[in-house]
Amino acid sequence: MSTLFEEVRPSDGGAGDAVPVRRVELTVNGERRAADVEPRLLLAHLLRNGFRLTGTHTGCDTTNCGACTVLYDGVPVKSCTMFAVQADGHEVLTVEGLATASELHPIQEGFKDEHGLQCGFCTPGMMLAAKALLEENPNPSEDEIRWALSGNLCRCTGYQNIVKAVMWAAEKLGANVESDGADDAGDDAGGEG
């Protein structure tokens, strides 16, 4: 049986060297996925190497930078210090799961329109932390945005455009909710024929 650590393990044929493998099943970006993993495999490595979702970046392996942030059952977690076996039976959202086939998510649009990225390395983690914030608090203040993103480091910018990008997304998401509500109210006003 092949595992993601096969290349770093000596293959001397000794049965005593065998590392146990465990089957994990999780939902990633809305799709049910399964993999055979060693218990020591990190979630970031399963996502990047096993599932080829390379938007999840690893910059520090110590939870300092936040580039590996994903949403785990809707909560931002740093996947570089979480084992893949811990995700068994759970939902994980990576940056690849934000956009649809035809359009960007408002958070992605905000980062593009407000120049919230430079090199882009931290951007996926920032976007997912922002998504979690906006789902919990659809109209955050600048201070609340800065606090929510404080676990994600950007080495290129002064953060101002990142904050503006999240505020832009909050406004767009709020406008979408308002227009959806207006449509619903209009449908209700029509009454039954």
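So, here's what we can say about the structure. Owing to the predicted nature of the structure, the values given are computational and were not obtained by experimental measurement. For every chain, the first residue of the written sequence is number 1, and numbering continues from 1 along that sequence. The predicted origin of the model limits local features to residues at a pLDDT of at least 70 and limits the giving and counting of side-chain atom pairs to 80 or more, whereas totals for whole chains, interfaces and linings rest on all residues. With hydrogens and water stripped out, all remaining heavy atoms of the structure feed into the side-chain values.

1. Digging into the sheet that holds strand β3 (residues 69-72)
Then step 1. In space, the 5 strands of this open sheet follow the order β2-β1-β5-β3-β4, with mixed pairing throughout. Of all the strands in the sheet, the pair left with one neighbour each is β2 (31-37) and β4 (75-78). The sheet shows a mean angle of 40° between the axes of neighbouring strands, direction not considered.
Then step 2. Strand pairing is assigned whenever DSSP detects at least two bridges linking the two strands. Comment: elements are numbered from the N terminus, with helices defined as DSSP H or I runs of at least four residues and strands as E runs of at least two. Relative to β2, strand β1 (residues 22-28) runs antiparallel, the two being bridged by 7 bridges. Bridge pairing in β2 links arginine 22 to valine 37.
Then step 3. Together, β1, β2, β3 and β5 (91-93) form the strand contacts of helix α1 (residues 43-50), whose direction differs from that of β1 by roughly 75°.
Then step 4. Across the sheet, helix α3 (residues 123-136) lies against β3, β4 and β5, angled at about 35° from β3, the strand it touches most. Lines fitted to the C-alpha atoms define the axes, with helices restricted to the stretch that makes contact. Angles between their N-to-C directions range from 0 to 180 degrees. Any two residues whose heavy atoms approach within 4.5 Å at even a single point are treated as in contact.

2. Quick look at the nonpolar core
Then step 1. Ranked by internal contacts, the top residues of the largest apolar core, which has 24 residues, are Ile107, Phe111, Met126, Leu149 and Val166.
Then step 2. Put simply, the parts of the chain that give this core at least two residues each are α2 (106-113), α3 and α5 (160-189).
Then step 3. With 8 residues, the top contributor of residues to this core is α3.
Then step 4. When near neighbours in sequence (up to four residues on either side) are disregarded, phenylalanine 111 contacts Gly116, Leu117, Thr123, Met126, Met127, Ile162, Ala165 and Val166. Residues grouped as a nonpolar core are buried Ala, Val, Leu, Ile, Met, Phe, Trp, Tyr and Cys residues, joined through side-chain atoms within 4.5 Å. Type-normalised accessible area, obtained with a 1.4 Å probe on protein chains alone, sets the label of each residue: buried when under 20%, exposed when over 50%, and partly exposed for intermediate values.

3. Focus on α2
Then step 1. In terms of burial, α2 is a largely internal element, 6 of the 8 residues being buried.
Then step 2. Among all positions of α2, only Pro106, Ile107, Gln108, Glu109, Gly110 and Phe111 are buried.
Then step 3. Once α2 finishes, histidine 115 follows within two positions and takes phi at roughly 55°, a positive value.

4. Examining the pattern of salt bridges
Then step 1. Just to be clear on terms, a salt bridge is a Lys or Arg side-chain nitrogen sitting within 4 Å of an Asp or Glu carboxyl oxygen. Within this structure, the stated rule accounts for 9 salt bridges.
Then step 2. One salt bridge in this structure joins aspartate 88 and arginine 22, with 3.2 Å as the shortest N-O distance. With a gap of 66 residues between them, aspartate 88 in the loop between β4 and β5 and arginine 22 in strand β1 connect regions that are remote in the sequence.
Then step 3. The class for aspartate 88 is partly exposed, based on a relative accessible area of 28%.
Then step 4. When its relative accessible area of 40% is taken as the criterion, arginine 22 is described as partly exposed.

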